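Geometric and topological summary
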Amino acid sequence: MSVTQIGLGPMGRAMVRSYLAKGHAVTVWNRTASRADDLVAEGAVRAGSVAEALAANEVVLLSLTDYQAMYDILSPEGEALRGKVVVNLSSDTPERTRVAAEWLAARGAELITGGVMVPEEMVGTEHSFVFYSGPKATFERIEPLLAVIGRPDYRGADPGLAQLYYQALLDLFLTTLSGFLHASALLGTAGVTAETLVPYAVENLTLVSSLLGESAGYVDSGKHPGDQANVLMMGATADHIHAASRDAGIDVTLPAVVKGLYDRAIAAGHGRDSWTSLVEIIRGKAN
Ligand code: NDP
C-alpha cells in the first residue's frame, strides 16, 4: 500500500521513515521543499506540487502545525481533493476538526482525524499509539496503513473525538508535569535536588494511578461518598501547599488554582463529599 505524506516536521519525517522501513511507497510534499531531500535519498518520492502529491495516492496524511496549515495547503486544490481520504494528524481544537470534516466533505473528500500520543522518536515503534475518529468504514479500510505509525485506537464517528482524547490526555500530562516542577521548586528552596524527589514522586504517581479506577466511578455516577478523603481534608492540604509556597518565596499560581477549586467546592456545600466532587465545579455545574 502506498501513501502521501504532506508536512515534514519532526513528526511527519518520523512517519515517512516508518513507512519506508516497512516497504511502503511514500510520496512527500512540504512547503519548505528542502526538508524532503534526505527522505527522498532514503526512498521517498518527491511531489513537485500539492496537486501531484494528492494525485499520487488515495490516502493523504497531514502532519502540520495546526488545521489552518491544512487550509493554506489544500484550499487552492479544488477538484484534486475529490475521492481522497485525508488523515489529519495535526493537533488543534475538536471544534476546528469538525469544521474541517465539513470543509473536506464539501470537496468530495473524507476526513479521518488523528491524535498521535507519542513523541517523534517513538513513532512507528511498538509503544506508539494514535487516537482516530471519523467515518468507521473508511477507518477500517485504511487501518493496516495507519498501523504502520502506531497502534490505531478508533474512538468513534465524531471527527472531534480523536482531538478531544488527545487534549484530555495532554491535559493530564501537562498538569502532572507542572505539579512535578512545582514540587521540585518547593523542595529546592531547602536545597533538595529534583533528583532526590524522583523516587518519591514515582511512588506518589503509582498511588495516584491506583486511585483512578474508583474515582472514575464517582465521577461518572455523580455520587461522591466522603467517607475517605473528603474536600475539607484535602482542601486543608491545598491551603498548606499554597501557604508553604508563598512562605518559600516561589510562584503560587499552580497551588492557587488547586486551592481555588477546593475553596469553591466547600462554598458549594461539598465539604464532606469526596475530593472527586471537585469535578462538579470543573464541569461548571455547582455554585
Ligand atoms: P511542526 O510544527 O514542526 O510541523 C510543522 C510542519 O507543518 C512543517 O512541515 C511545516 O512546513 C508545516 N506547516 C506549518 N504551517 C504551514 C503552513 N501555513 N503552510 C504549509 N505548511 C505549514 O510540528 P511537528 O512535526 O512536531 O508536529 C506536527 C503535529 O503533530 C503538530 O500538530 C503537533 O502538535 C503534533 N504532535 C507533535 C508531537 C511531537 O512530539 N513533536 C507529538 C504528538 C503530536 P515547513 O517545513 O515549510 O515549515
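Conventions used here
- Residues numbered from 1 in each chain as written.
- Predicted model: local features only at pLDDT ≥ 70, side-chain atom pairs only at ≥ 80, totals over all residues.
- Helix = DSSP H or I, 4+ residues; strand = E, 2+ residues; numbered from the N terminus.
- Expected span 1.5 Å × (residues − 1).
- Buried ≥ 20, exposed ≤ 12 C-beta atoms within 10 Å, placed from the backbone.
- Arc of directions from axis to C-beta.
- Contact = placed C-beta atoms within 7 Å.
- Core = buried A, V, L, I, M, F, W, Y, C linked by C-beta atoms within 7 Å.
- Axes fitted to C-alpha atoms, helices over the stretch in contact; angles between N-to-C directions.
- Parallel < 35°, antiparallel > 145°, perpendicular 65-115°, else oblique.
- Left-handed = near helix turned anticlockwise from the far one by under 90°.
- Nonpolar A, V, L, I, M, F, W, Y, C, P; charged D, E, K, R; others polar.
- Near = placed C-beta within 6 Å.
- Pairing = 2+ DSSP bridges.
- pLDDT = per-residue confidence, 0-100.
- UniProt positions renumbered as here; feature names shortened; annotations may be inferred.
- Domains from an automatic or database assignment.

Time to look at helix α9 (residues 231-248). Relative to the 26 Å expected for 18 residues at 1.5 Å per residue, α9 spans 25 Å between its end C-alpha atoms, a close match to the ideal helical length. Those residues of α9 that sit buried are Val231, Gly235, Ala238 and Ser245. Taken end-on, α9 shows its buried residues confined to a sector of 85°, consistent with a single buried face. Counted as exposed and oriented over 90 degrees from the buried face of α9: Ala236, His240 and Asp247. Where α9 is buried, its residues touch α7 (161-188) and α10 (253-267). Positive phi appears at Gly249, one or two residues downstream of α9, with a value of about 80°.

All right, on to the nonpolar core then. Within the largest apolar cluster, 50 residues are counted, with the highest numbers of intra-cluster contacts made by Met15, Val28, Leu61, Leu62, Val86 and Val87. Membership of the second largest hydrophobic core comes to eight residues, among which are Val231, Ala238, Trp275 and Ile281.

We now examine the packing of α7 against helix α8 (residues 194-221). Look at α7 against α8: their axes get within 9 Å of each other, and the N-to-C directions meet at 130°. Here α7 lies oblique to α8, going by the angle between them. Every pair of crossing elements has a handedness; the one defined by α7 and α8 is right-handed. Packed against α7, whose contacting residues are Phe180, Ala183, Ser184 and Leu187, the element α8 presents Ala194, Leu197 and Ala201 at the interface. Tallied by class, residues from the contact of α7 with α8 come to six nonpolar, one polar and no charged.

Okay, the site of the ligand next. The environment of the ligand is made up of 22 residues, and the closest members are Gly9, Met11, Arg31, Thr32 and Ala69. At the level of secondary structure, the elements contributing two or more residues to the shell around the ligand comprise α1 (10-21) and α4 (67-74). Along the lines of polarity and charge, the residues of the shell around the ligand split into nine nonpolar, nine polar and four charged.

All right, on to the sheet that holds strand β1 (residues 2-6) then. Reading across the sheet, the eight strands line up as β3-β2-β1-β4-β5-β6-β7-β8 and stay open at both edges, with mixed pairing between neighbours. Each edge of the open sheet carries a strand with a single partner, namely β3 (45-46) and β8 (151-156). Bridge analysis of β1 against strand β2 (residues 25-29) gives five bridges, and the strand direction is parallel. Paired with Thr4 across the bridge in β2 is Thr27.

Of the residues in the protein chain, 99% reach a pLDDT of 70 or more, and the chain-wide mean stands at 96. The complex model carries a pTM of 0.92, and its ipTM stands at 0.98.

Two elements in contact, α9 and α10, have axes separated by 9 Å at closest approach and are oriented at 150°. The angle between α9 and α10 places the two elements in the roughly antiparallel class. As for how α9 packs across α10, the hand of that crossing is left-handed. Between α9 and α10, the residues in contact are Val231, Leu232, Met234, Gly235, Ala238, Asp239, Ile241, His242 and Ser245 and Pro255, Ala256, Val258, Lys259, Tyr262, Asp263, Ala265 and Ile266, respectively. Its residues assigned to classes, the contact of α9 with α10 shows eleven nonpolar, three polar and three charged.

Listed under "domain: NADPH-dependent reductive aminase-like C-terminal" (unreviewed entry) in the UniProt record, and renumbered for this structure, are residues 158-283. Secondary structure content for residues 158-283 is 75% helix and 0% strand, and the end C-alpha separation is 21 Å.

Structurally, the protein chain comprises domain 1 (2-157) and domain 2 (189-282). The straight-line distance from the C-alpha centre of domain 1 to that of domain 2 is 40 Å.

According to UniProt, the positions carrying the feature "domain: 6-phosphogluconate dehydrogenase NADP-binding" (unreviewed entry) are residues 3-151. Overall, residues 3-151 shows 37% helix and 21% strand. The separation of its end C-alpha atoms is 17 Å.

Moving on, we get to α4. One turn of an α-helix holds 3.6 residues; hence residues three or four places apart share an orientation. The set of residues buried in α4 consists of Tyr67, Met70 and Leu74. Along the axis of α4, the buried residues cluster in a sector spanning 45°; they form a single face. Where α4 is buried, its residues touch β4 (59-62), β5 (85-88) and α5 (94-105).

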